[in-house]
Amino acid sequence: FKGVYDYIPISDLVETYRQEGKSWKYTSVLICEGDKEYIGSTVDGDGNEIKIYSRKNPIIKSINQIIKDEGISEEHAYDKYADRIFQTAMPQSSIRPRVVEKAAELRSKEDLHSIEYVPKSGKHKGQLYEQFYKGDKFRLFTWLRDVTEKKGGKLCKRETQGTYWNFVSETNNLTKEGKVLFPNGKKPEALIHRIIHMSTEPGELILDSFAGSGTTGAVAHKMGRRWIMVELGEHCHTHIIPRLQRVIDGEDTGGISKAVNWRGGGGFRYYRVAPSLLEQDAWGRWVVSKAYNPEMLAEAICKLEGFTYAPSDAVFWQQGYSTETDFIYVTTQTLSLAQLQVLADEVGKGRSLLICCGAFRCKADRFANLTLKKIPKMVLNRCEWGHDDYSLNVANLPIQKKPALQTRDDLFADMNGKGED
């Protein structure tokens, strides 16, 4: 996960610490680094040089001294000296003990020292880096600049998000977001924005399998992510499609629109997954659903078996192909031995035919050029069934109307454009 922070103005944070009786550590300012004098070197764990310098006549003042000397406010002081404010710490590192030992060996008496070396890790990895140490304990300088950023013209401290996120204020106008009503189930766009920002990069794919009012898709779209939303209920028609259309048209100015400078654009496709291929008859047996006519069934089975659906006008059993010599024939009939023999003769040598039927009256390996499969059995092994229709949207693709898809394999093949699962 990428780091996600709260940004608190330094002036507000210092006052909060003061009121709560906490100790605010960033109160020292390195006004002048002093004269830099090389006194010797040590090495890190890999034998790389660490140069040690003494600092003569440095100038260090407290924030309170600066406020008094310059007659400025506390906020102004922090803003003016943001790059020079520090606190000292006793870090657990392999570098500091080596520096302390070498400085003692060199009998350096200065109160301030600095080192130069090339870190092997961290944000300064591979770069020449300078650190400062103070006193005979060699307390390391840690800079306020490393934990602050300018936000809205103010110096703010970055506070790493914890496990408690407060979005109470964002719920005040939640009913207006997206211009759709969804009582007790709607999430603030700001919350979804934070989650998506933490866990994804632009262009990556976001899935929300319980789309509700469409907040996930709206936020992902505005953030330049691709998205898929799935919804069983009528929310697709009453909430999601109208909301996403407003996002695309640039008419959705609420939620995170201002924060991400959203102006509209993109598109989506809408699909309704077809009924299950199978249903149970009065005897509890799995049979092909009555919702499928012969053409729909043939196309669906072609998808399941990896064939291109291309029915021939001249040859009834050529309903699709996988190669120039490999064909598929789909029927709900029970085929007799005599019917299969006729088909085997017509297919002939040098070609092969996959027959998907209700049942067949011979051994499956009877004919060398025919492969025989029972539709219910093959589908039961390959598909889910018994679910209601549901709808699915795919973002950032041109808006276009699509015919009802026959199988879930068809749906996902269309999504990735490669015919893959």
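See the structure shown above.
Keep in mind it's a predicted model, so treat the numbers as computed, not measured. (Residues numbered from 1 in each chain as written. Predicted model: local features only at pLDDT ≥ 70, side-chain atom pairs only at ≥ 80, totals over all residues. Heavy atoms only, no water.)

(A) A look at helix H1 (residues 10–20). Listed as buried for H1 are Ile 10, Leu 13 and Val 14. Each buried residue of H1 lies within a common arc of 100° when the element is viewed along its axis, so the set occupies one face. Looking at the buried side of H1, the elements it contacts are strand E1 (5–9), helix H3 (74–80), strand E10 (148–151) and strand E11 (154–160). Immediately beyond the C-terminal end of H1, within one or two residues, lies Gly 21, with a positive phi of roughly 70°. (Buried < 20%, exposed > 50% of the residue type's maximum accessible area, 1.4 Å probe, protein only. Helix = DSSP H or I, 4+ residues; strand = E, 2+ residues; numbered from the N terminus. Arc of directions from axis to C-beta. Contact = heavy atoms within 4.5 Å.)

(B) Molecular detail of unusual backbone geometry. Within the chain, Asn 57 stands out as a residue other than glycine whose phi angle is a positive 60°. The residue Asn 261 is not glycine, and still its phi comes out positive at about 55°. The residue Asn 261 is located in the loop between helix H7 (235–248) and strand E14 (268–272) in this model.

(C) Highlighting the side chain of Gln 131. Mapped onto the elements of the fold, Gln 131 is located in strand E8 (residues 129–134). Polar side-chain contacts of Gln 131 include one of 3.0 Å to the side chain of Tyr 133. Those residues within four positions of Gln 131 in sequence are excluded, and the remaining contacts are His 113, Ser 114, Ile 115, Tyr 117 and Leu 140. (Polar contact = N/O pair within 3.5 Å; in protein donor to acceptor, adjacent residues only side chain to side chain.)

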